[in-house]
Amino acid sequence: MIPLLFPKVQEGYTNFLFNFYLKESPTTVFDVSEATSLVVIFRRPDGTTFDTEAEFGPTDDSTQLPGQNGLVQYRTIIGDLVPSGEWNAQLFVYFGVDLVPSSVLYFQVFPNLA
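Given the structure is predicted, the values throughout are model-derived calculations rather than measurements.

Reading the values: the criteria
Residues numbered from 1 in each chain as written. Predicted model: local features only at pLDDT ≥ 70, side-chain atom pairs only at ≥ 80, totals over all residues. Heavy atoms only, no water. Helix = DSSP H or I, 4+ residues; strand = E, 2+ residues; numbered from the N terminus. Rg over C-alpha atoms; globule rule 2.2 N^0.38 Å. Buried < 20%, exposed > 50% of the residue type's maximum accessible area, 1.4 Å probe, protein only. Contact = heavy atoms within 4.5 Å. Areas by Shrake-Rupley, 256 points an atom, 1.4 Å probe, with all protein chains shown as cover. Pairing = 2+ DSSP bridges. pLDDT = per-residue confidence, 0-100. Phe/Tyr/Trp six-rings, centres within 6.5 Å; stacked < 30°, edge-to-face > 60°.

Caption draft 1: How the structure looks around the overall build of the chain. Along the chain, the regular secondary structure elements total zero helices and eleven strands. From first element to last, N terminus to C terminus, the chain shows the α and β order β-β-β-β-β-β-β-β-β-β-β. Against the 2.2 N^0.38 benchmark of 13 Å for 114 residues, the chain shows a C-alpha radius of gyration of 15 Å, consistent with a compact globule. In terms of principal-axis extent, the alpha carbons of the chain reach across some 45 × 30 × 25 Å. In the chain, which comprises 114 residues, the proportion classed as buried is 37%. Here the contacts in the chain between residues at least 6 apart in sequence split such that 59% fall between residues at least 24 apart. On the chain, roughly 6800 Å² of surface is accessible, and the fraction owed to carbon and sulfur atoms is 54%.

Written out as structure tokens, the structure reads:
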């Protein structure tokens, strides 16, 4: 799987959209339309973790089922991106008992002035 890149994230940011584009190769998307569960695990700077349900992203056109384009999303809520420091995130796509993990995303959450 290919990791994501995104701009700076401030501590406590809500409504930040994490997009996980799952690919089998650089040119082939990984169809997750038949997934039974989409879970993102976040690791805080102190090593503690929390998990949350993700959802299929929008499709490219009306002929695709949700997930066929390999896009899975999670939008942050209050308390998700606290404290500042180095974070990790990883998507886990479940197909019944089978599991497909994404690459681990490494990102920085920056402190606020006040």
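Now that the structure is up, let's keep going.
Caption draft 2: Main features of the sheet that holds strand 2 (residues 17-21). Spatially, 2-8-7 is the arrangement adopted by the three strands of the open sheet, whose pairing is antiparallel. Since the sheet does not close on itself, it has two edges, and those belong to strand 2 and strand 7 (55-56), each with one partner.

Caption draft 3: The arrangement of the confidence of the model for the chain in detail. Here the chain averages 91 in pLDDT, while 94% of its residues score no lower than 70. Strand 3 (residues 23-25) is the least confidently modelled element of the chain, averaging 89 in pLDDT, while strand 5 (residues 37-43) averages 98, the highest of any element.

Caption draft 4: Examining the packing of aromatic side chains more closely. According to the stated counting rule, one finds ten aromatic pairs in the structure shown. Between F16 and F18 the ring centres are 5.1 Å apart and the planes differ by 75°, which places this aromatic pair in the edge-to-face class. Each ring, one from F18 and one from F42, has its centre 5.3 Å from the other, and the planes form 70°; the classification is edge-to-face. Separated by 24 residues along the polypeptide, F18 in strand 2 and F42 in strand 5 bring together distant segments of the chain. Relative accessible area serves as the criterion here: at 0%, F18 is assigned to the buried category. Three or more aromatic residues link up through ring pairs in this structure, and these residues are Y13, F16, F18, F42, F50, Y74, W87 and F107.

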